[in-house]
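A structural walkthrough
What follows is the residue order along each chain.
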Amino acid sequence: KYLEKRLRKLAPPEKEKELKSLRKYFCLPIGSLLIKPSRLYFRLTENLAPFMFEVPRAFGPFEALLLDFGATEKPQIGDYCHFLSELKRETGENSLNPNELLAVLRVIDLVVSNLATTTTGNGSNLEVPYVPDENSRLVRPKHCIFRDNVALAQRVNSHNLRFVSCRLAKNTCERLAISFMSHIV
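Residues numbered from 1 in each chain as written. Predicted model: local features only at pLDDT ≥ 70, side-chain atom pairs only at ≥ 80, totals over all residues. Heavy atoms only, no water.

1. Considering the pattern of salt bridges
The final tally for this structure, using the stated rule, is 12 salt bridges. Between lysine 15 and aspartate 68 there is a salt bridge, and its shortest N-O distance comes to 3.7 Å. Taken together, the positions of lysine 15 in helix 2 (residues 12-25) and aspartate 68 in helix 3 (residues 63-69) put the pair 53 residues apart, joining distant regions of the chain. Between glutamate 86 and arginine 39 there is a salt bridge; the shortest N-O distance is 2.8 Å. Taken together, the residues glutamate 86 in helix 4 (residues 77-91) and arginine 39 in the loop between strand 2 (33-35) and strand 3 (40-41) connect sequence positions 47 residues apart. The two residues glutamate 86 and arginine 39 agree in class, both being buried. Overlapping salt bridges, with partners in common, bring together Lys36, Arg39, Glu86 and Glu90 in one network. (Salt bridge = Lys/Arg side-chain N within 4 Å of Asp/Glu carboxyl O. Helix = DSSP H or I, 4+ residues; strand = E, 2+ residues; numbered from the N terminus. Buried < 20%, exposed > 50% of the residue type's maximum accessible area, 1.4 Å probe, protein only.)

Structure follows, in structure tokens:
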């Protein structure tokens, strides 16, 4: 209530400045986690925990405030791409845990299923910025190879190769233009 009253009293430039600084640090308790409002949605059709959540009913009266902080009605494809970029900045070269990996794979599937029909504001097609490699680290799709031939993979020195996660489907890799090992060697 205090924040709502304070923000209502501020002039638009001051309000935006205040919101910008609050967005950096403000988190809401969802279960046992603290979640950024930009990862909260009023309608979420997929379970994307531990990264994206539906706003709990208890926060319903604060809808306007949550919208000001970055929560949205429902995620768009661009939100998923932005999330993957943000997650890469947060994790760096660290591996994702199994739950995080499953959520990232679901996000990639959602983006890929809509790739042909979705564009950015300037008309170019959206792309998945990062995919998990075999060590569950987020990497650029063009830096990975899909291991489509196990016999060939065993004969090649793969120390300098980075393979995409085996949990990423073959047709997903095709849609993301990830090179296939059998095509390269």
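2. Observations regarding unusual backbone geometry
Excluding glycine, a negative phi dihedral is what most residues carry, and trans is how most peptide bonds are arranged. In this structure, proline 50 follows alanine 49 across a cis peptide bond, with omega equal to 15°. Residue position: proline 50 is located in the loop between strand 3 and strand 4 (53-54). In the Ramachandran plot, serine 136 falls in the positive-phi region, its phi being about 65° despite a non-glycine side chain. For serine 136, the location among the structural elements is in the loop between strand 5 (131-132) and strand 6 (138-139). Non-glycine residue alanine 177 carries a positive phi angle of around 60°.

3. Looking at the environment of leucine 102
Position of leucine 102 among the secondary structure elements: in helix 5 (residues 98-113). Assessed through its relative accessible area of 33%, leucine 102 is described here as partly exposed.

4. Here's the deal with the packing of aromatic side chains
The final tally for this structure, using the stated rule, is 3 aromatic pairs. Centre to centre, the rings of phenylalanine 51 and phenylalanine 83 are 5.1 Å apart; their planes meet at 55°, and the pair counts as tilted. Note that phenylalanine 51 is positioned in the loop between strand 3 and strand 4 and phenylalanine 83 in helix 4, a separation of 32 residues in sequence. Taken individually, phenylalanine 51 and phenylalanine 83 each receive the classification buried, so the pair is uniform in this respect. When the centroid spacing of 5.0 Å and the interplanar angle of 55° are considered together, the rings of phenylalanine 146 and phenylalanine 180 count as tilted. Placement of the pair is phenylalanine 146 in strand 7 (residues 145-146) and phenylalanine 180 in strand 8 (residues 179-180), with a sequence separation of 34 residues. The class of phenylalanine 180 is buried, set by a relative accessible area of 6%. The ring centre of phenylalanine 163 lies 3.8 Å from the NZ or CZ of arginine 147, which sits over that ring. (Phe/Tyr/Trp six-rings, centres within 6.5 Å; stacked < 30°, edge-to-face > 60°. Lys NZ or Arg CZ within 6 Å of the ring centre and 35° of its normal.)

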